[in-house]
Amino acid sequence: MAYRFLTSRVVPSSNRLTRKFLFIFTLSLSFTYLCYSLIFCSDTIMHGQSDEQHRCLLFQSVGSKKMLQKSNYCTLSVDPKGTRDTTSKADLTRLETIQINNQSKNFPAVPFINSPRGSGALDRKIINNNTGSPKFGNKKLPNAIIVGVKKGGTRAVLEFIRIHPDVRAVGTEPHFFDRNYDRGLDWYRSLMPRTLDSQITMEKTPSYFVTREAPRRISSMSRDTKLIVVVRNPVTRAISDYTQTLSKKPDIPTFEVLAFKNKSFGVVDTSWNAIRIGMYVLHLENWLQYFPLSQIHFVSGEMLITDPAGELGRVQDFLGLKRIVTDKHFYFNKTKGFPCLKKPESSSLPRCLGKSKGRTHVQIDQEVIEKLREFYRPYNIKFYEMVGHDFRWD
């Protein structure tokens with residue numbers, strides 16, 4: 001049509017040479033336009049494939065087969081054996097060092113997990129929150145719980161064991177199995193820290209040990225839960241318990257008035273909680289109805305002061321952990337009268353327990369102490385026999 005238009009209006013029909021030239025010129029323009037169109041489409045297709053490959057490579061760099069398969073951008077073939085992680089052993093060692101340092105600073109663990117152990121492979125599980133910042137691992141129900149006892153040294157055990165890179169613990173006491181059980185396991189799980197598959201989730205609530213329903217409830221959650229009980233001379237423990245209460249309620253009766261129904265006859269008032277907690281064997285009998293003794297580990301509150309590394313070594317063995325927390329992590333604080341953790345590299349101060357720990361005990365008459373020792377002796381002996389260990393409290 002263009003040819004007819006040009007030849008009919010621009011030049012005379014008699015000029016054949018001119019018509020031939022215009023025909024060739026028009027044909028050349030059409031051919032040029034066709035080539036340009038083909039080249040442009042080809043470039044667009046190749047560009048799209050390049051972007052797709054780029055996105056796939058980004059997913060592959062994360063090291064997640066599932067992310068690669070579920071990506072809307074990625075149509076590339078996936079290695080049926082999964083995407084291999086090419087992280088070097090040097091990088092893995094560096095990540096492990098960072099994680100241990102961060103744990104000692106009370107920071108969240110660096111997200112890494114060896115899978116399988118010792119293989120050098122790096123498997124990262126990334127979960128994004130609403131703000132877009134990455135979170136690592138999952139919130140799991142605890143594998144181990146420090147269930148007791150109050151004023152026995154439970155806070156020290158928790159703070160000492162949580163510097164282990166394979167342990168993540170709740171800082172506060174959840175009181176789920178004694179006060180908040182009606183909130184459900186999902187609420188309880190939400191309180192837990194995020195952990196990787198190789199890490200142990202822990203919490204501590206000392207009142208569980210004397211709560212009648214706690215063993216059954218924990219067993220219903222998981223019969224494989226490992227239990228830690230920190231015990232201490234029941235007389236010393238009762239005095240420490242009273243000292244703490246007195247600091248909050250200065251107007252309470254004296255220790256002697258609360259401990260005895262009739263001081264002159266030496267009848268101990270077992271209804272007072274500070275006294276009843278120390279009758280360990282009675283509470284343990286309740287726990288053994290739901291858990292075998294092999295799943296309960298007892299920590300000596302006295303040895304925790306004189307040999308913290310030894311006690312923590314046995315705790316690590318019980319939890320199936322490598323002994324990483326050792327005597328190099330502790331020093332004895334003469335002012336407080338118990339061990340503290342040595343300072344992290346990022347801090348100028350060591351890490352000791354709070355002001356509520358290590359209080360000077362209320363002075364109790366020696367006669368009262370002797371009467372309490374006599375009262376606890378048969379309970380202690382039976383407790384030693386039941387757990388197979390003499391704590392030497394007499």
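What comes next concerns the included structure. Bear in mind the structure is a predicted one, so any value in this text is a computation, not a measurement.

## Remarks on the overall build of the chain
Consideration 1: The helix and strand tally for the chain stands at 14 helices and 13 strands.
Consideration 2: Counting every atom, the chain has about 23,100 Å² of accessible surface; 54% of that belongs to carbon and sulfur.

## Remarks on helix H5 (residues 154-161)
Consideration 1: Among the 8 residues in H5, 8 count as buried, and that is most of the element.
Consideration 2: Looking at H5, one finds that the buried residues are Thr154, Arg155, Ala156, Val157, Leu158, Glu159, Phe160 and Ile161.

## Observations concerning the sheet that holds strand E5 (residues 167-169)
Consideration 1: Ordered in space as E5-E7-E4-E8-E11, the 5 strands form an open sheet in which the pairing is parallel. Of all the strands in the sheet, the pair left with one neighbour each is E5 and strand E11 (296-300). Neighbouring strand axes in the sheet, compared pairwise and without regard to direction, differ in orientation by 25° on average.
Consideration 2: Sheet analysis places strand E4 (residues 144-148) next to strand E8 (residues 226-231), joined by 4 bridges and oriented parallel. Paired with Ile146 across the strands is Ile228, a residue of E8.

## Considering the environment of Leu185
Consideration 1: Topologically, Leu185 is positioned in helix H6 (residues 185-190).
Consideration 2: Taking C-alpha positions, Leu185 is 8.1 Å from Leu141, a pair spaced 44 residues apart along the chain.
Consideration 3: Other than its neighbours up to four places away in sequence, Leu185 contacts Leu141, Phe176 and Met221.

## Topic: a nonpolar patch on the surface
Consideration 1: Nonpolar side chains collect at one region of the surface, where Phe21, Phe25 and Leu29 lie side by side and expose about 340 Å² of accessible area between them.
Consideration 2: With respect to the element layout, Phe21 can be found in helix H2 (residues 16-62).
Consideration 3: The class for Phe21 is exposed, based on a relative accessible area of 56%.

## Description of the packing of helix H8 (residues 234-248) against helix H14 (residues 366-387)
Consideration 1: Contact geometry of H8 with H14 gives a least axis separation of 9 Å together with a crossing angle of 125°. Between H8 and H14, the angle is such that the two are oblique. Each of Pro234, Val235 and Ile239 in H8 lies in contact with H14, whose residues at this interface are Ile369, Leu372, Arg373, Tyr376 and Asn380.
Consideration 2: Across the contact of H8 with H14, the residue classes break down as 6 nonpolar, 1 polar and 1 charged.

## Quick word on the pairing of strand E12 (residues 330-333)
Consideration 1: In this sheet, strand E13 (residues 338-341) lies alongside E12 in antiparallel orientation, the contact comprising 4 bridges. Along E13, the bridge assignment pairs Tyr331 with Cys340.
Consideration 2: If you look at the hairpin formed by E12 and E13, you'll find 4 residues sitting between the two strands, and Gly337 has a positive phi there, around 90°.

## Here's the deal with the pattern of salt bridges
Consideration 1: Applying the stated criterion across every chain, the model contains 11 salt bridges.
Consideration 2: Ionic pairing is found between Glu285 and Lys382, a salt bridge with its closest N-O pair at 3.5 Å. Here Lys382 lies in helix H14 and Glu285 lies in helix H11 (residues 280-287), a separation of 97 residues in the sequence.
Consideration 3: Classification of Lys382 by relative accessible area gives partly exposed; the value is 43%.
Consideration 4: The salt bridge involving Arg314 is made with Glu311; its shortest N-O contact spans 2.7 Å. In this pair, Arg314 and Glu311 are both assigned in helix H13 (residues 308-318), 3 residues apart and thus about one turn of the helix distant.
Consideration 5: For Arg314, a relative accessible area of 38% corresponds to the partly exposed category.
Consideration 6: Taken together, the shared-partner salt bridges in this structure form one network comprising Lys150, Arg237 and Asp241.

Conventions used here
Counting restarts for each chain: residues are numbered from 1 in the order of the written sequence. Owing to the predicted nature of the model, reporting of local features is limited to residues with pLDDT of at least 70; listing and counting of side-chain atom pairs is limited to 80 or more, with chain, interface and lining totals taken over all residues. Side-chain measures here rest on the full set of heavy atoms in the structure, leaving out hydrogens and waters. Under the DSSP-based scheme used, a helix requires at least four consecutive residues in state H or I and a strand at least two consecutive residues in state E, with every element numbered from the N terminus. Per-residue and other accessible areas were derived by the Shrake-Rupley procedure at a 1.4 Å probe size, with only the shown protein chains allowed to occlude residues. The rule is simple: take the accessible area with a 1.4 Å probe, protein chains only, and divide by the maximum for that residue type; under 20% is buried, over 50% is exposed, in between is partly exposed. Two strands are counted as paired when DSSP detects at least two bridges linking them. To define axes, lines are fitted to C-alpha atoms, for helices over the stretch in contact only, and angles between the resulting N-to-C directions are given on a 0 to 180 degree scale. Contact criterion: two residues are considered in contact whenever any of their non-hydrogen atoms come within 4.5 Å of each other. Like charges are joined within 9 Å and nonpolar side chains (Val, Leu, Ile, Met, Phe, Trp, Tyr) within 5 Å, but only among residues with over 30% relative accessible area and no salt bridge; these make up the patches. For this analysis, a salt bridge means a side-chain nitrogen from Lys or Arg found within 4 Å of a carboxyl oxygen belonging to Asp or Glu. Small angles under 35 degrees read as roughly parallel and large ones over 145 as roughly antiparallel, with 65 to 115 read as roughly perpendicular and the rest as oblique. Each residue gets one label: Ala, Val, Leu, Ile, Met, Phe, Trp, Tyr, Cys and Pro are nonpolar, Asp, Glu, Lys and Arg are charged, and the others, such as Gly, are polar.

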